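Structural description and commentary
Next come the chains, spelled out residue by residue.
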Amino acid sequence: MMPAMPVEAIPARGGVGLRLTRGQTLRVLDPIGGQSGDLMAFASGDPGEWLSNGRSFDYGGKIYFSTGDVLYSNLSRPMLTITADDVGRHDFLYASCSVEMFRIQYGVEGYHPNCLDNLTRALDSVGAAPRWMPTAFNFFMNAVVQPDGRLVIEPPRSRAGDSISLRAEIDLAIGLTACSAALCNGGRAQPLAYEILEA
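Below, the structure is looked at part by part. Everything numeric in this text was worked out from a predicted model, so none of it was measured.

**Topic: helix H1 (residues 53–60)**
- Within the span of H1, buried status applies to Asn53, Ser56 and Phe57. The arc that holds every buried residue of H1, seen down its axis, measures 100 degrees, which confines them to one face.
- Contacts from the buried residues of H1 go to strand S6 (70–72).
- At the N-terminal boundary of H1, the capping side chain belongs to Ser52, with an oxygen 3.4 Å from the backbone nitrogen of Gly54.
- One or two steps after H1, the chain reaches Gly61, where phi turns positive at roughly 65 degrees.

**A closer look at the packing of aromatic side chains**
- One pass over the structure, following the stated rule, counts eight aromatic pairs.
- Aromatic side chains Phe57 and Phe65 sit 6.1 Å apart centroid to centroid with 5 degrees between the ring planes, which places their arrangement in the stacked category. The burial state of Phe57 is the same as that of Phe65; both residues are buried.
- Taken together, a centroid distance of 5.3 Å and an interplanar angle of 85 degrees make the contact between Phe139 and Phe140 edge-to-face. Summarising the burial analysis for this pair, Phe139 and Phe140 share the class buried.

**Quick word on the state of the cysteines**
- Summed over the entire model, instances satisfying the criterion amount to zero disulfides.
- Cysteine Cys115 remains unbridged, with the sulfur of Cys97 as its closest cysteine sulfur at 3.7 Å.
- Using a relative accessible area of 0% as the deciding quantity, one classes Cys115 as buried.
- A disulfide-free cysteine, Cys179 has its sulfur positioned 3.9 Å from the sulfur of Cys115, the nearest such atom.
- Residue classification places Cys179 among the buried positions, given a relative accessible area of 5%.

Cut-offs applied
- Per chain, residues are indexed from 1 in the order of the written sequence.
- Residue-level local features of this predicted model are given only where pLDDT is at least 70; pairs of side-chain atoms are given and counted only at 80 or more, and the full residue set underlies all totals for whole chains, interfaces and linings.
- The side-chain quantities take in all heavy atoms of the structure and omit both hydrogens and water.
- The buried label applies to any residue whose accessible area, calculated with a 1.4 Å probe on protein chains only, is under 20% of its type's maximum; exposed applies above 50%, and partly exposed to all values in between.
- Elements are defined by DSSP. Helices are runs of H or I of four residues or more, strands are runs of E of two residues or more, and each kind is numbered from the N terminus.
- In this description, one arc is meant: the one made by directions from the helix axis to the C-beta atoms.
- Contact definition: two residues touch when any of their heavy atoms are within 4.5 Å.
- As used in this structure description, the phrase polar contact means that two N or O atoms lie within 3.5 Å; if the pair is within protein, one of them must be able to donate a hydrogen and the other to accept it, and residues adjacent in sequence are counted only when both atoms belong to side chains.
- Classification of ring pairs rests on two measures: the distance between centres of Phe, Tyr or Trp rings, Trp counted by its six-membered ring, which must be within 6.5 Å, and the angle between planes, read as stacked under 30 degrees, edge-to-face over 60 and tilted in between.
- In what follows, a disulfide is any cysteine sulfur pair within 2.5 Å.

Below you can see the structure in the form of structure tokens.
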């Protein structure tokens, strides 16, 4: 595959919006290592069709996704196929961090940058403002399910230069973030990067 555009930055605690056409591949890179992010997708032109963790769990028969796995929409259509993955551990359970989450879990009063707002702004920037935000695919986030069902968030396994590549199976509006929550990133917030590759 040849790059359709140069590598672009996702600022620390920030987000970007973009569009993918069917067959294009989104490659998300961790340039420094140890940083997670959120990815949310909607069918192009249809805010009623979105990336669904539940349908992906149903059809994949698993909660951890990696190379070769398909992520489905709420209407049971394949949306994204993971074509390459250097990390192998991502989360599809946790909701995007929000102002309320920072208040409840971290005791932060007032505004704090967060993935929910960043995804909303990112999707709005490409004309796909969502009515509500479903659960995002939290790439590089390392949430481990314990035998008793508890969830433990450990530092991401991604190292400098690691990436995940996802091929669009339909035309998509995409929101990407570099997560703001210190717990998900080994205690620090750093930038990520991405590029779009043609088939």
